[in-house]
Amino acid sequence: MTTQFKVATVQAAPCFLDLDAGIEKAIRLIEEAAASGARLVAFSETWLPGYPNHIWLGPAAWQMQFVGRYFDNSIVAGSEREKKLATACRDNKIQLSMGVSERDGGSLYIAQWHFDETGEVINRRRKLKPTHVERTVYGEGDGSDLNVVDTSIGRVGQLACWEHLQPLSKYAMYAQNEQVHVAAWPNLALYEGTAYALGHQVNNAASMIYAVEGSCFVLAPCSLVTKAMQDMLCEGDADKEALFPVGGGYTAIYGPDGAELAERIPHDQEGIMYADIDLHMIGYAKAAADPAGHYAKREATRLLINRKRQCPVVNFDDAPGWEELSETANAPAEAAE
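Residues numbered from 1 in each chain as written. Predicted model: local features only at pLDDT ≥ 70, side-chain atom pairs only at ≥ 80, totals over all residues. Heavy atoms only, no water.

**Let's talk about the overall build of the chain**
What counts is decided by this rule: The way it works is that DSSP assigns letters per residue, a run of H or I at least four long becomes a helix, a run of E at least two long becomes a strand, and they are numbered from the N terminus. Every radius of gyration here is taken over C-alpha atoms, with the globule rule written as 2.2 Å times N^0.38, N being the number of residues. Under the scheme applied here, a residue whose accessible area is under 20% of the maximum for its type counts as buried, over 50% as exposed, and between as partly exposed, the area being computed with a 1.4 Å probe on protein chains only. For accessible areas, the Shrake-Rupley method is used with a probe of radius 1.4 Å. Any residue's cover is judged against the shown protein chains and nothing else. For the purpose of counting charges, residues Lys and Arg are taken to be positive, whereas Asp and Glu are taken to be negative. His and the chain ends are not included. In plain terms, the charge of a residue is placed at NZ if it is Lys, CZ if Arg, CG if Asp and CD if Glu.
Of the regular secondary structure elements, the chain holds nine helices and eleven strands. Against the compact-globule benchmark of 20 Å for 337 residues, the chain has a radius of gyration of 22 Å, which places it among compact chains. The buried share of the chain, reckoned over its 337 residues, is 52%. Surface accessibility of the chain: about 15300 Å² in total, with carbon and sulfur atoms responsible for 53%. Across the chain, the mean location of the 29 positive side-chain charges is 3 Å away from that of the 45 negative side-chain charges.

Printed below as a string of structure tokens:
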């Protein structure tokens, strides 16, 4: 495993509601990042097929015009479209963290897929709890999604958006000796000036604090809003346009001391940010404060995690304890006989 390498974070508008165009654009950006020497490239939350900003902009009846199109353009694990991303990673020898709206049966999930440089998907995770009105679109993940995976460039983990405001979820990640973290965000201009907590100041701060608390490198990709997206969702309504301005891309890369490692791209422009990182720097940070190690207070506070994948349907033969339950249920009938 190398300790020094280049990483890349993408700040780009998605091809909203057009999955195939989004895949092609993603491949171009993957190729560009690889050509610049990056070993890992990270995309923002639900970059495929774009974050559903319409859920924040109008009543449920108005939003219904987007439901079918969003569902149809959400990506399916193992599909031919996913294989195109895998091929791009393999051909360009680069790892990829892609934020997607994952379609599984009749449900959607805010997901992050991690492809290694051979094109294998080595981690699939779903956002544990969609935030506020996101719950009208997406289902929930579970404890099995709090993963940090070993890769050729170190131990890499992922969380999305306001999972970075959930202390227990963060602590579960810190405890796995995470070295590189992908903090995926949507555009950060929604409700600008009216809801400070949704803005870039707070959310970039959350990524920065994650880097310091976890003593890790944080890639914080962020998408942006184009005029075409604004026109589609606002329909010339000045009040909506004020809530959904063009731009909102505030991508950043942080070191384990919280320092920014790359020059910011203007929030209304597309581009790729790069940083050269050295995992040896993590040792210096953890020497001062290792939150799940020497800096923990075990006899005072502990975290309990259920890592089992949760499923709403369990086959009778596979369910634990069914034999005992069956014997107990049949006991009175057998006694009566």
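**A word on the packing of helix 1 (residues 19–35) against helix 3 (residues 80–92)**
In a pair of packed helices, the angle between the axes and the distance between the axes together describe the arrangement. Condition: Convention adopted: a line fitted to C-alpha atoms gives each axis, helices being fitted over their contacting stretch, and angles between N-to-C directions are expressed from 0 to 180 degrees. By the definition adopted for this analysis, an angle is roughly parallel if under 35 degrees, roughly antiparallel if over 145, roughly perpendicular if from 65 to 115, and oblique otherwise. Contacts are residue-level and defined by heavy atoms, with any inter-residue pair within 4.5 Å sufficient. Residues are grouped as follows: nonpolar covers Ala, Val, Leu, Ile, Met, Phe, Trp, Tyr, Cys and Pro; charged covers Asp, Glu, Lys and Arg; every other residue, Gly included, is treated as polar.
One way to put it is that helix 1 packs onto helix 3 with a least axis distance of 10 Å and a crossing angle of 10°. As the angle between them shows, helix 1 and helix 3 are arranged roughly parallel. Contacts from L19, D20, I23, E24, A26, I27, I30, E31 and A34 in helix 1 reach R81, K84, L85, A88 and N92 in helix 3. Here the contact of helix 1 with helix 3 is composed, by residue class, of eight nonpolar, one polar and five charged.

**Observations concerning helix 2 (residues 60–72)**
Condition: By this rule, a helix spans an expected 1.5 Å times one less than how many residues it contains. What is called the bend at a residue is the angle between a pair of axes, fitted to the seven residues leading up to and ending at it and to the seven starting from it.
Helix length check: helix 2 (13 residues) gives 19 Å between terminal C-alpha atoms against 18 Å at 1.5 Å per residue, within 8%. Within helix 2, the axis deviates most sharply at F66, by approximately 40°. Those residues of helix 2 lying buried are W62, Q63, F66 and Y70. On its buried side, helix 2 packs onto strand 3 (95–104), strand 4 (107–115), helix 6 (227–234) and helix 7 (238–243).

**Overview of the packing of aromatic side chains**
Put simply, the rule is: When the centres of two rings from Phe, Tyr and Trp lie within 6.5 Å, Trp using its six-membered ring, the rings pair. Their planes under 30 degrees apart give stacked, over 60 give edge-to-face, and anything left gives tilted. Counting as a charge over the ring demands two things of the Lys NZ or Arg CZ atom: a distance within 6 Å of the ring centre and an angle within 35 degrees of the ring normal.
Taken as a whole and judged by the stated rule, the model has five aromatic pairs. For R124, the ring lying beneath its charged end belongs to W113, and the centroid distance is 4.8 Å. Sitting above the plane of the W62 ring, K240 keeps its charged end 3.6 Å from the centroid.

**Some remarks on the pairing of strand 5 (residues 121–126)**
Our working rule: Between any two strands, pairing holds if DSSP finds at least two bridges.
As judged from the five bridges shared by strand 4 and strand 5, these two strands associate in the antiparallel manner. Of the residues in strand 5, the one forming a bridge with W113 is R124. Between strand 4 and strand 5, which pair antiparallel in sequence order, lie five residues; one of them, G119, sits at a positive phi of approximately 95°.

**A look at the side chain of S101**
Let me state the cut-off plainly: Distance and chemistry together define a polar contact, namely a pair of N or O atoms within 3.5 Å, with one atom able to donate a hydrogen and the other to accept it when in protein, and with adjacent residues in sequence counting only for side-chain atoms on both sides.
Tracing the chain through its elements places S101 in strand 3. Here S74 takes part through its side chain, which lies 2.7 Å from a polar atom of the side chain of S101.

**Brief notes about the packing of helix 4 (residues 167–174) against helix 5 (residues 200–214)**
What counts, and what does not: In a left-handed crossing the near helix is turned counterclockwise from the far helix by less than a right angle, and in a right-handed crossing that turn is clockwise.
Taken N-terminus to C-terminus, the directions of helix 4 and helix 5 make an angle of 45°; their axes are 10 Å apart at the nearest point. The angle between helix 4 and helix 5 falls in the class oblique. Note that helix 4 runs across helix 5; the crossing there is right-handed. Listed contacts from helix 5 to K170, M173 and Y174 of helix 4 are I209, Y210, E213 and G214. For the contact of helix 4 with helix 5, the class distribution of residues is four nonpolar, one polar and two charged.

**Re the pattern of salt bridges**
Quick note on the threshold: Here a salt bridge means any side-chain nitrogen of Lys or Arg lying within 4 Å of a carboxyl oxygen belonging to Asp or Glu.
Overall, the coordinates contain 19 salt bridges when judged by the stated rule. In this structure, the salt-bridge partner of E270 is K25, at a minimum N-O distance of 2.8 Å. Taken as a pair, E270 in the loop between strand 10 (252–254) and strand 11 (271–278) and K25 in helix 1 lie far apart in primary sequence, 245 residues in all. Residue E270 is classed as partly exposed on the basis of its relative accessible area, which comes to 42%. Here K129 makes a salt bridge to E140, at a shortest N to O gap of 2.6 Å.

It is worth stressing that arrangement in space is one thing and function is another; only the former is reported here.
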